[in-house]
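Chain by chain, the residues run as shown.
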Amino acid sequence: MKMPRNSMVRVGVMSLALMFMIWPMFGCAADTVPALDMRPVLIEPEPLDNLRPELAWMTKDRVRVAWIGGGISGKFPGTDKTRGQVLVDAGFNLIRMSIGVDKQDRTKSPDLKSKLAADVKEARRLGVPLLAGLQYGTHHTEPYRKYRAPTGVLAERSCCPLDGVYIEHHLGKWAVAIAEAGADGVVIDTEMYQSDESSYPGPCVCDDCFNVYLKAFSNDWKTMYDRVTPEERGKWLSANKATAHYGWYLAKRLEDQYDGIRQRCQAANPLFLLAHYHILGALPGLERGLGTSEVPCLVLNGSEYPQGPISLSYQNVRRIREGGIPALYLPGLWILKHSPEAFSGHALTSSLYCDGWWGWYAEALLTQVGTDDPAAFKSPYGRFEGTSADDFLKSLTAMHNRLDELLAKPKDQWPQLKTFPPPSTGDVARRRGNITIDGNLDDAGWKHATRFDMKWDRFGNETGPPTTAWICWDKQALYVAVNCGLDDDAELYVPSQGRDNVNLYMCDGIELFIDPGKSARRYAHFIISAKGDVYDSMMTPNSGGGIYAPPNWNTIFGDPDWNAGAQVKAANTDKEYYIEARIPFKEFGSTPAAGDVWGANICRPRPPHKTWSATYGGFHSTDRFGELSFR
Ligand SMILES: [Zn+2]
């Protein structure tokens, strides 16, 4: 292998330096600072086991959502049928339409008064539930409390997700008004919430969130509060091993907040549905707040848009069931990206193997319906190139009829899930020869280590610059080295640094997943940057009596205060970078013996994405971890 020229070697010592700075600071103060009483945060499982009989159709027929912009009472072009009728005829059994508020005066919604009544009336006539969309935005001029990340950064635009005034002003009030106006539910759109560049590296530590937490778990909160600067709060939580606990507490508070909104809506209509769009778990606690064991929260997930249901989709369904989350999981499909046949195929698979599906942007099935107007195929709101609305509607009608037939039959007569090539497998050699962790891979030990080519992108295509890993093990530790080539015109990109900074995933580097015993339930997650900084977390989704909520936003769930004690060094040239790591088994709670098989994957998080075992979805797809056999 090519080695870096000495003059170009850069060694990642930042993480070590940072740790020495932090620990003594809090360590010395430990005698005088009162301790946190981290009693467990109780998040009770609420499985969907008591579904209201009026909603039995949701699991029996699956939920088939059309997401449209306009209402349903207007006419479909060139016919006497209403837009709603056309959607119901095509087999949709739930419709989500937009409802706007006055951007100048958010206390008013002209649409709610002028439009909704006619649409509710039409929905009653058709017997289809009608949901109104609500946007959870970031661009507000009002002085709402701002989100502060555990990294210390105060967001410029994003609000604290627990700012009750904000939530009431933009969601609570409107949800109740919509329930009272007779609609059957709301869809809260949280995607805009994530548009801020802060990208949510953990639960909010704004003055209020931090203060409320300390008051709940310390009898001398004021002393603690005054001693820790706002910028240091995340580090302080980490030093006290409280990051996950803090995240659970915030998830519980968020759940309670939305519980309150749901109760007010369901006082007007006990069957009122509260759905959210974007990503399962993106706002921890939201699903439990919006749903109950009688009336589910509908998760309109956005990860499946371009390619249809993926391995992660089925994993998410399992996560909901095992975690006792009162939700139904619906993958979204993007009308622009699929031919009518492919689109219907994905919708059928989602309906059979998840809880239904939803079409975006289904307004494209109702407007510019012919093939002569180029605007009909414009991204992102248009249809698949060259298709008419009727092409889609016919295909969907046939698909929904077939779905009805299949659902009446035993599962073994359903079309089988598309099978992917099996996950990668490999033997891991014992370490023979020394390995010094210095970012230089010429040690004797690496010559006898097992070589793993990371040749796949996430979807099993061979692409991108050469990327190779070597792994070996001894009684104490796993040794991992990687050599990642850079594209000709690419420069090393490492904008984030520091210990346990989840934003390292945006850097050149690797993500490493190690699943002792191949449990698919508990695994270590490492992000190692090309400068040698390390984020490590023990992931235990669904553990602890149904706690599923990530302490970090963006569906990352786990305990970032878990530290593997890995020794890491990185180096680079302008053509490639190297990472060398020794990871002790001690903190895994399990040490392999010869013959044992563990799950694992190694990925490059920044494009060009590369994997050892292609995931066909997100890197956290435990079903797609490869198998490491210890020899
Ligand atoms: Zn906050």
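Calculation criteria
Residues numbered from 1 in each chain as written. Predicted model: local features only at pLDDT ≥ 70, side-chain atom pairs only at ≥ 80, totals over all residues. Heavy atoms only, no water. Axes fitted to C-alpha atoms, helices over the stretch in contact; angles between N-to-C directions. Helix = DSSP H or I, 4+ residues; strand = E, 2+ residues; numbered from the N terminus. Parallel < 35°, antiparallel > 145°, perpendicular 65-115°, else oblique. Left-handed = near helix turned anticlockwise from the far one by under 90°. Contact = heavy atoms within 4.5 Å. Nonpolar A, V, L, I, M, F, W, Y, C, P; charged D, E, K, R; others polar. Buried < 20%, exposed > 50% of the residue type's maximum accessible area, 1.4 Å probe, protein only. Pairing = 2+ DSSP bridges.

A. Summary view of the packing of helix α6 (residues 164–180) against helix α10 (residues 243–268). Packing of α6 against α10 leaves a shortest axis separation of 8 Å and a crossing angle of 20 degrees. Overall, the two elements α6 and α10 adopt an arrangement that is roughly parallel. Relative to α10, α6 is oriented so that their crossing is right-handed. Taking contact as the criterion, the partners of G164, I167, E168, L171, G172, K173, A175, V176, A179 and E180 in α6 are, on α10, Q257, Y258, I261, R264, C265 and A268. Looking at the contact of α6 with α10, its residues break down into 9 nonpolar, 3 polar and 4 charged.

B. Structural detail: the pairing of strand β22 (residues 626–630). Counting buried positions along β22 gives 4 out of 5 residues, so the element sits mostly inside the fold. In this sheet, β22 lies alongside strand β11 (residues 425–430) in parallel orientation, the contact comprising 4 bridges. Bridging from a neighbouring strand, G426 pairs with L628 of β22. Inspection of the sheet shows strand β20 (residues 597–604) paired to β22 by 4 bridges, in the antiparallel sense. The residue of β22 that forms the bridge with A600 is G626.

C. Just unusual backbone geometry, in detail. Of the consecutive residues W360 and Y361, the connecting peptide bond is found in the cis state with omega at 5 degrees. In this fold, Y361 is placed in the loop between β10 (356–360) and α14 (389–407). In this structure, the amide linkage connecting P607 to the following residue, P608, adopts the cis form with an omega of 0 degrees. Even without being glycine, R62 reaches a positive phi, approximately 75 degrees. Its place among the elements puts R62 in the loop between α2 (57–60) and β1 (63–67). Classification of R62 by relative accessible area gives buried; the value is 14%. Of note, K241 is a non-glycine position whose phi angle comes to about 55 degrees, a positive value.

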